[in-house]
Amino acid sequence: MHQLSDRINNMSTSQTLAMAAKTRELKAEGKDIIGLSLGEPDFNTPDFIKEAAIQAINDNYNSYTPVDGYVELKDAIINKFKRDNGLTYDRSQVVVSTGAKQSLANVAMVMLNPGDEVILPCPYWVSYAEIVKLAEGVPVEVPTSVESDFKMTPQQLEAAITPKTKMLWYSSPSNPSGMVYSKEELRALADVLVKHPDIVVVSDEIYEHINFVGDHASMAQFEDMYDRVVTVNGVSKAFAMTGWRIGYIGAPAEIARACNKMQGQITSGANCIAQRAVITALEAPVSKIQYMIDRFKSRRKLIIDLLSDIKGFTITEPEGAFYVFPDVSYFFGKTINGYEIKDATDFSMFLLEKALVATVTGDAFGSPNCIRLSYAASETEIEEAMKRIKNALSEA
């Protein structure tokens, strides 16, 4: 047996990916599983983006790309930040990576020293804590609940800050809760942070365009926070380009240069064809993808209406992304169909085995009373999934 590193032995497996793998395994066995676990749009990449990729192939783009991205793509990102977010970056502040997950990992690796603390409002995206720990930082979880719409208050933020606090990471719209911080709510958090000038903020805005409540707000919009915020984004969610693996940051130039240096020793530049396609995606008006956003909004209403008809689910209406994150603690301590439910993980496995519906336990996101259901699925699948869940819970 080879002795693996403590680094990998101490790392948790991504529970979203683990559930997706379990779902594929059960489907291969012939079981009719409805997958509501993976954070992936069920739409095809728009044709105008695919055509740009085909053109790039025909134009013989096949060489290594600059580590931090093609200049033309960086310019498209700069224009997108200005158009959609009112943020002004230059080329030295933009780094293109192989997915927003690599963008986050780059930032963690270049910013954190052993013992540095990173505040994570719960629920947080499943990989945040593991990325922080991989960089030898310490995740500091700040609990929220369905009653607070899963939003961290300024008072909670202030209480979580210690002399070891180095960073704050959050997503808005949120994966997994779907909540969206308003400009006023971000300003209230910023008012706390201005008293602690050494704290750097990572604002994950990957679901920016899948927003059902109005204008998207960015922490970097505030002049007194701009030099302390790393804005993370990408094309996976809004453009249905998960497999194309392109993410990017707008950041203080010093942090961007460090991420460029880190990436140069790990993966170098992102895929050349994908980068050329993303130029076209970002240069297009948001109206080109509005049809997907509209469908997500109608599916949100459908799944909330159906879940509201099932006793035991406590729901707050998600304001963005394509997830609903109900509190299911009502079922804890119950035995249903001979299956003992001790926690959210048990409940999620119960739904997989008894209802043949794949979800993700809230434990993966730092919120142990909840589960995450993705409504990036067809209306037919959502209706059937809710029917199965209701039937499986009929004894509860």
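Preceding this paragraph is the structure being described.
Rules and cut-offs
Residues numbered from 1 in each chain as written. Predicted model: local features only at pLDDT ≥ 70, side-chain atom pairs only at ≥ 80, totals over all residues. Heavy atoms only, no water. Phe/Tyr/Trp six-rings, centres within 6.5 Å; stacked < 30°, edge-to-face > 60°. Buried < 20%, exposed > 50% of the residue type's maximum accessible area, 1.4 Å probe, protein only. Helix = DSSP H or I, 4+ residues; strand = E, 2+ residues; numbered from the N terminus. Lys NZ or Arg CZ within 6 Å of the ring centre and 35° of its normal. Pairing = 2+ DSSP bridges. Axes fitted to C-alpha atoms, helices over the stretch in contact; angles between N-to-C directions. 1 Å grid on protein atoms, 1.4 Å probe; cavity = no way out; pocket = protein on both sides within 12 Å on 5 of 7 lines; lining within 4 Å. Points joined across faces, edges and corners; volume = space filled by probe spheres on them. Nonpolar A, V, L, I, M, F, W, Y, C, P; charged D, E, K, R; others polar.

This part covers the packing of aromatic side chains. In this description, a pair of aromatic rings is defined by centroid distance and the angle of the planes. The full count for this structure, using the stated rule, is 21 aromatic pairs. Note on Trp 125 and Tyr 128: the rings are 5.8 Å apart at their centroids and 80° apart in plane angle, and the pair reads as edge-to-face. Pair check on accessibility: Trp 125 and Tyr 128 agree, each one buried. The interplanar angle of 90° and the centroid separation of 5.7 Å between the aromatic rings of Tyr 170 and Tyr 181 together place this pair among those described as edge-to-face. In this pair, Tyr 170 sits in strand 5 (residues 165-171) while Tyr 181 sits in the loop between strand 5 and helix 8 (183-193), placing the two residues 11 residues apart along the sequence. Each member of the pair Tyr 170 and Tyr 181 is classed as buried. In textbook terms, an aromatic cluster arises when at least three aromatic residues are bridged by ring pairs, as seen for Phe 43, Tyr 207, Tyr 291, Phe 296, Phe 322 and Tyr 323. Against the face of Phe 222 rests Arg 187, its NZ or CZ located 4.7 Å from the ring centre.

Another point: the pairing of strand 2 (residues 94-97). A two-sided burial pattern is seen for strand 2, the buried positions comprising Val 94 and Val 96 on one face and Val 95 and Ser 97 on the other. With 4 bridges connecting them, strand 2 and strand 8 (residues 247-250) associate as antiparallel partners. What sits directly across from Ser 97, in strand 8, is Gly 247.

For the rest of this paragraph, the subject is the sheet that holds strand 8. Hydrogen bonding along the main chain pairs the strands of a sheet, whether they run parallel or antiparallel. If you walk across this open sheet you meet the 7 strands as 2-8-7-6-5-3-4, and the pairing is mixed. The two strands at the open ends of the sheet, each matched to only one other strand, are strand 2 and strand 4 (138-142). The average undirected angle you get between the axes of adjacent strands in this sheet is 20°. In the sheet, strand 7 (residues 229-234) pairs with strand 8 via 4 bridges, with the strands oriented antiparallel. When the bridges of strand 8 are listed, Gly 234 appears paired with Gly 247.

Negative phi characterises most residues that are not glycine, and trans characterises most peptide bonds. The peptide bond linking Cys 122 to Pro 123 adopts the cis configuration, its omega dihedral lying at 0°. Among the structural elements, Pro 123 can be located in the loop between strand 3 (117-121) and helix 6 (128-134). The step from Ser 172 to Pro 173 runs through a cis peptide bond, and the omega angle for that step is -10°. Along the polypeptide, Pro 173 turns up in the loop between strand 5 and helix 8. For Ser 268, which is not glycine, the phi dihedral falls at a positive 60°.

Turning our attention to empty space enclosed by the protein. All chains considered together, the criterion is met by 3 cavities of 30 Å³ or more. In this model, the largest cavity occupies a volume close to 90 Å³. Along the lines of polarity and charge, the residues of the lining of the largest cavity split into 10 nonpolar, 3 polar and no charged. Quantified by volume, the second largest cavity comes out at close to 40 Å³. As for the second largest cavity, its lining consists of Lys 80, Glu 205, Ile 206, Glu 208, His 209, Asn 233, Gly 234, Ala 238, Phe 239, Tyr 248 and Leu 282. Classifying every residue of the lining of the second largest cavity gives 5 nonpolar, 3 polar and 3 charged.

With that settled, consider the layout of surface pockets. Roughly 520 Å³ of internal volume is contained in the largest pocket. Taken together, 28 residues make up the lining of the largest pocket; nearest its centre are Gly 39, Lys 101, Trp 125, Lys 237 and Arg 245. Counting only elements with at least two residues in the lining of the largest pocket, the list comes to helix 2 (15-28) and helix 5 (100-111). Of the residues forming the lining of the largest pocket, the biggest block, 3 residues, is contributed by helix 5. Residue composition of the lining of the largest pocket, by class: 11 nonpolar, 11 polar and 6 charged.

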